[in-house]
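Chains, contacts and geometry: an overview
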Amino acid sequence: MDERAALTLIDSWLPLAGDDAAVLDDLVISTDMLHETTDFPEGTTRYTAGWRSVGASLSDIAAMGANATAAVAVYAAPSFEEPEIHDFIDGARAVCERVGAEYVGGDLDGHDEFTVATTVVGDTHEPVRRSGASPGETLCVTGTLGRSGAALELFDHEPERANDLFQFEPRVAAGRAIAAHAGAMMDSSDGLARSLHQLAAASDCGFDVAGSALPIDECVHEVATDELDVYELAVHFGEDFELVFTTDAVETVRSLSPTPITPIGTVTDDGVTLDGASLPDRGYSH
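Every value quoted in this text rests on a predicted model; they were computed, and no experiment measured them. (Residues numbered from 1 in each chain as written. Predicted model: local features only at pLDDT ≥ 70, side-chain atom pairs only at ≥ 80, totals over all residues. Heavy atoms only, no water.)

Here we take up the overall build of the chain. On a plain count of helices and strands, the chain comes out with 11 helices and 12 strands. Its C-alpha atoms give the chain a radius of gyration of 18 Å, within 12% of the compact-globule value 19 Å for 286 residues. Expressed as lengths along the three principal axes of its C-alpha atoms, the size of the chain is roughly 55 × 50 × 40 Å. The buried share of the chain, taken over its 286 residues, is 51%. When contacts within the chain are restricted to residue pairs at least 6 apart in sequence, long-range pairs at least 24 apart make up 86% of them. When the accessible surface of the chain is totalled, it reaches about 12700 Å², and 50% of it is carbon and sulfur. The positive charge centre, built from 14 side chains, and the negative charge centre, built from 52, are 3 Å apart in the chain. (Helix = DSSP H or I, 4+ residues; strand = E, 2+ residues; numbered from the N terminus. Rg over C-alpha atoms; globule rule 2.2 N^0.38 Å. Buried < 20%, exposed > 50% of the residue type's maximum accessible area, 1.4 Å probe, protein only. Contact = heavy atoms within 4.5 Å. Areas by Shrake-Rupley, 256 points an atom, 1.4 Å probe, with all protein chains shown as cover. Lys, Arg positive; Asp, Glu negative; His and termini not counted. Charge placed at Lys NZ, Arg CZ, Asp CG, Glu CD.)

Let us now look at the sheet that holds strand S10 (residues 261-268). Ordered in space as S7-S9-S6-S10-S8-S11-S12, the seven strands form an open sheet in which the pairing is mixed. Edge positions in the sheet fall to strand S7 (182-187) and strand S12 (277-278), since each has one partner strand and no second. Where strand S6 (residues 138-142) lies against S10, five bridges are found, and the strand directions are antiparallel. Within S10, the position partnered with Thr142 by the bridge is Ile261. Against the sheet, helix H3 (residues 46-63) contacts S7 and strand S9 (243-247), and its axis sits at roughly 175° relative to S7. (Pairing = 2+ DSSP bridges. Axes fitted to C-alpha atoms, helices over the stretch in contact; angles between N-to-C directions.)

Inspection of the secondary structure puts Asp217 in the loop between strand S8 (206-209) and helix H9 (218-223). Although Asp217 lies buried, it forms no salt bridge, and the closest oppositely charged side chain, Arg147, sits 4.4 Å away as judged by the N-O distance. Here Thr144 takes part through its side chain, which lies 2.6 Å from a polar atom of the side chain of Asp217. Polar contacts involving the side chain of Asp217 include one to the main-chain amide nitrogen of Cys219, which spans 3.1 Å. Those residues in contact with Asp217 that lie beyond four places of it in its chain are Thr144, Leu145 and Arg147. (Salt bridge = Lys/Arg side-chain N within 4 Å of Asp/Glu carboxyl O. Polar contact = N/O pair within 3.5 Å; in protein donor to acceptor, adjacent residues only side chain to side chain.)

A surface patch of negative charge is lined by Glu36, Glu42, Glu153 and Asp156. Position of Asp156 relative to the elements: it lies in the loop between helix H5 (147-154) and helix H6 (159-166). The exposed category is assigned to Asp156, whose relative accessible area is 75%. (Patch = residues over 30% accessible without salt bridge, like charges linked within 9 Å, V, L, I, M, F, W, Y side chains within 5 Å.)

Here it is as C-alpha cells:
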C-alpha cells in the first residue's frame, strides 16, 4: 500500500491520530522523518536540513493552533562530521527560536543515508481539528504558495537562494491567532490540493477555490516554464508548510495574525473545485 493508505489504516487503529498532531489532555505532539533522497536536494546545507526538519514538526503544532514548547531530533548519517552536526544543530535551534520553542537535543545513529526524525511538543487548551469546517465559511491560507517547488528548481544554479527558500517560517504565531476563529485547519505540507481533499474528508464538506485569489509567491513565476507549471508548483507540489483553514471571521483573523492571510474560496456542501472545475487530489508523496 502507499503512504496515504497506510496512514488511513493506522488512523482506524489509533483514535488519537488523524490530525496534524496528536492531543492528549493539553499536550500536543508530532513527529516526522525526512530522508536525503526525498527531502534534501543536492546542495541543501546541514543548517537548512536542521531548520527544515524541525520546522516540519513545528508546522504540525501550528496547525493545531498550539504553542510550541520543545523539539528533539534523531540525526542519522553514514559518518559523523563535526561541522555538519554543528550546522544542523544551529539550524534546528534557529527555527525553534523563531517560534519561541527550545531545541533540546536528541540522538545519533549510523545510517547509509542522511536521515532525520524529529519530534516536537506543544500545548493548547482548545486544539483546532481538521473536522470542523462548515458550508458558508471562508477558506483561507497564510503566506504564499510555491516557495519549495521554486527552490527545487533553483538548487542547481542558485543554491544559496534555494536554501533560503527552504528555510520556511513555521506559522505557530499565526496558528495561535487563528485558532479561536477557525472551523478547521491543517498545514499544506502535502500541497494545497491534497490538503483540501483531506479537510473535505475530515469535515464532510467541499471547497470551491478561486484561482485568481491564490497567493502565489513571486519566485514561482521566475522559475516556471508556463502558467501550467505555475499552477503545479503552487497547488500540487506541496512542502510549503502554510496553514489552510476555514473561518467566518476573516477580518478579525487578518487583524490578529502576524502573517498575511488570503481568502481563496468558500466551504461548500461537497466536492473540491477550482474555478468550478474538479480539483484533482494530487500532491506531495513520500
